[in-house]
Amino acid sequence: MNNILYVGIDDTDSSEGMCTTYIGALVMDELKHYGYQLKDHPRLIRLNPFAPFKTRGNGAISFKLILNSGKETEKAKKLILNQVENLSELQHENTNPGVIFYNGIITPELKAYSMKTVQNIVTIDDAQKLAVQVGAQFHKFKNGRGIIGALAAIGYPLEDRTYELLAYRIPENYGKKREINYESVLEMNQKTYPQTFDNLDEDEDYIAIEPHTPCPILYGIRGETPEAVINAHGILETCEPIERIVVYVTNQHTDHHLLKIDNISRMDKCKCYIAQGEVENSPIIIEGGHVIFTLKDDSGSIDCAAYEPTKGFRDVVKNLKDGDLLEVYGGIGDKGTLNLEKIQVLKLAKVYESRNPICKCGKRMKSAGKNKGYKCMNCGFKLRNGTKELIEVIRCIQKGFYEVPPSARRHLSKPLIRDNSNI
Ligand code: ATP
């Protein structure tokens, strides 16, 4: 018998409270309390950001238990299922927990299924069939939709990975304002960036490590290694107690959700892509401050948006012009618009402005009226057959990568700082 038991858990929370990572933390601490040993860091796996029933960040968790006897295994499973049943927000219509137990090897089918769950939409039936095929046990509470994420969190091939240290609040403080010392976040960022990243938006005075929901998390520090996030946690100061911490290894900030595609016409809703094309209509600003433009290739076109929460990124996008060649990174929501996460400007189109001719006295002339040529307001000289000059405009944007700020970053989106070739 393989003495490793993989445990996957998902869909335990609702928008009003709880968090699957926290249930994971409580379950793991209880198992340790009873003398069980865990192997490696637990995993926090983010799945398709456009999955229809997600509560917030579409995260599922899994961990590995070291087990020595069948009796021990049964006791651990019972303890895990009891905790999930007692702690989940079962009263909420959309909370449908699922738990998977698996003690085989991670097969290519499991890995492929996990990647599909990040890049596509899958069904409860897909997850159940694969669980049966590989011999994994599944436990469904209510409709058990959570088995989709629970199985994906076990099988996920974490080739590129980051870490997140989650610090949890004591229950008395749930829903109250989070008491994190802003100066200590600045200091932590100065001392640990870029080994930790997305800590804050200095331009907006915004602490990005702090969630804005009533969930049990006080803060989450994201970084390249477990040491980096633990070190950063040591620098932070809070004016409220921390109940416990967990360091998860995760697929956050890896761009694993993005599919490279050659044809814009083949892009679907509820999927995320990397695509190249030319700007067809220069950006417009619509109600709410969102900036929209159209990107086209030989196969078709798609509207791309830098929404209001992307703040200063919109100022970059506003400078794009017809004919600019771009690579766009982002996901397509229900309305069919690509929600931009970052762009690479590959080629800038030449843009010209037409101006009235210059007079022999050196001043720019004015129109003398429709079809009447130009006249100089300085010396009075008239030019009957003059034509406008075309002048190349200096563009306010350069070739290269541009990204949304940390406050607007998707969990899966890879910040440019993680890839040195981009900066
Ligand atoms: P939180 O991040 O706060 O833990 P959440 O955003 O992860 O919450 P869940 O409550 O876990 O949301 O709900 C997401 C549901 O969608 C789960 O049941 C999960 O199994 C399912 N799911 C995940 N990925 C997909 C997918 N690609 N296709 C279909 N369903 C999915």
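Residues numbered from 1 in each chain as written. Predicted model: local features only at pLDDT ≥ 70, side-chain atom pairs only at ≥ 80, totals over all residues. Heavy atoms only, no water.

1. Notes on the environment of threonine 196
Relative to the assigned elements, threonine 196 resides in strand S7 (residues 196-197). Measuring from C-alpha to C-alpha, the distance between threonine 196 and proline 226 comes to 10.0 Å, with 30 residues separating the pair along the chain. Not counting chain neighbours up to four residues away, the residues in contact with threonine 196 comprise Met188, Ile221, Arg222, Gly223, Ala228, Val229 and Ala232. A polar contact of 2.7 Å, which involves the side chain of threonine 196, links it to the side chain of threonine 192. Within polar-contact distance, the side chain of threonine 196 engages the side chain of asparagine 199 at 2.9 Å. (Helix = DSSP H or I, 4+ residues; strand = E, 2+ residues; numbered from the N terminus. Contact = heavy atoms within 4.5 Å. Polar contact = N/O pair within 3.5 Å; in protein donor to acceptor, adjacent residues only side chain to side chain.)

2. Thoughts on the sheet that holds strand S21 (residues 382-383)
Backbone hydrogen bonds are what pair the strands of a sheet, in a parallel or an antiparallel way. Taken in spatial order, the 3 strands line up as S19-S20-S21 in an open sheet, and their pairing is antiparallel. At either margin of the open sheet sits one strand with a lone partner, and together these are strand S19 (366-367) and S21. As paired elements, S19 and strand S20 (residues 374-375) share 2 bridges and run antiparallel to each other. Following the sheet pairing, lysine 366 is matched in S20 by lysine 375. (Pairing = 2+ DSSP bridges.)

3. Considerations on the environment of glycine 220
Tracing the backbone through its elements, the reader meets glycine 220 in strand S10 (residues 217-223). C-alpha separation for the pair glycine 220 and valine 316, spaced 96 residues apart in sequence, amounts to 29 Å. Not counting chain neighbours up to four residues away, the residues in contact with glycine 220 comprise Glu164, Leu165, Leu166 and Ile209.

4. Quick word on the domain arrangement of the chain
Each assigned domain of the chain is listed here: domain 1 (4-155), domain 2 (162-250) and domain 3 (258-350 + 396-422). Placing the centre of domain 1 and that of domain 2 at their C-alpha centroids yields a distance of 25 Å. Each partner contributes residues to the interface: domain 1 has 18 residues there, and domain 2 has 19 residues. Both faces combined, the contact of domain 1 with domain 2 buries some 1400 Å², and carbon together with sulfur accounts for 63% of it. (Domains from an automatic or database assignment. Buried area = accessible area lost by both parts, 1.4 Å probe.)

5. Focus on the layout of surface pockets
Computed from the structure, the second largest pocket encloses a volume of approximately 440 Å³. Leu200, Asp201, Glu202, Pro405 and Pro406 are, among the 23 residues lining the second largest pocket, the residues nearest its centre. Looking at the lining of the second largest pocket residue by residue, the classes come out as 11 nonpolar, 4 polar and 8 charged. A domain-level breakdown of the lining of the second largest pocket finds at least three residues from each of domain 2 (162-250) and domain 3 (258-350 + 396-422). (1 Å grid on protein atoms, 1.4 Å probe; cavity = no way out; pocket = protein on both sides within 12 Å on 5 of 7 lines; lining within 4 Å. Points joined across faces, edges and corners; volume = space filled by probe spheres on them. Nonpolar A, V, L, I, M, F, W, Y, C, P; charged D, E, K, R; others polar.)

6. A look at the sheet that holds strand S3 (residues 59-66)
Taking strand neighbours across the sheet as the criterion, the 9 strands line up as S5-S4-S1-S3-S2-S11-S6-S10-S7 in an open arrangement whose pairing is mixed. Each of the sheet's edge strands pairs with one partner strand only, and the pair in question is strand S5 (137-140) and S7. Bridge count for strand S4 (residues 98-102) against S5 is 4 bridges, and the pairing is antiparallel. Residue glycine 98 lies in a different strand from S5, and its bridge partner there is lysine 140. With respect to the sheet, helix H1 (residues 20-33) is in contact with strand S1 (4-10), strand S2 (37-46), S3, strand S6 (162-169), S10 and strand S11 (242-250), its orientation differing from that of S11 by roughly 105°. (Axes fitted to C-alpha atoms, helices over the stretch in contact; angles between N-to-C directions.)

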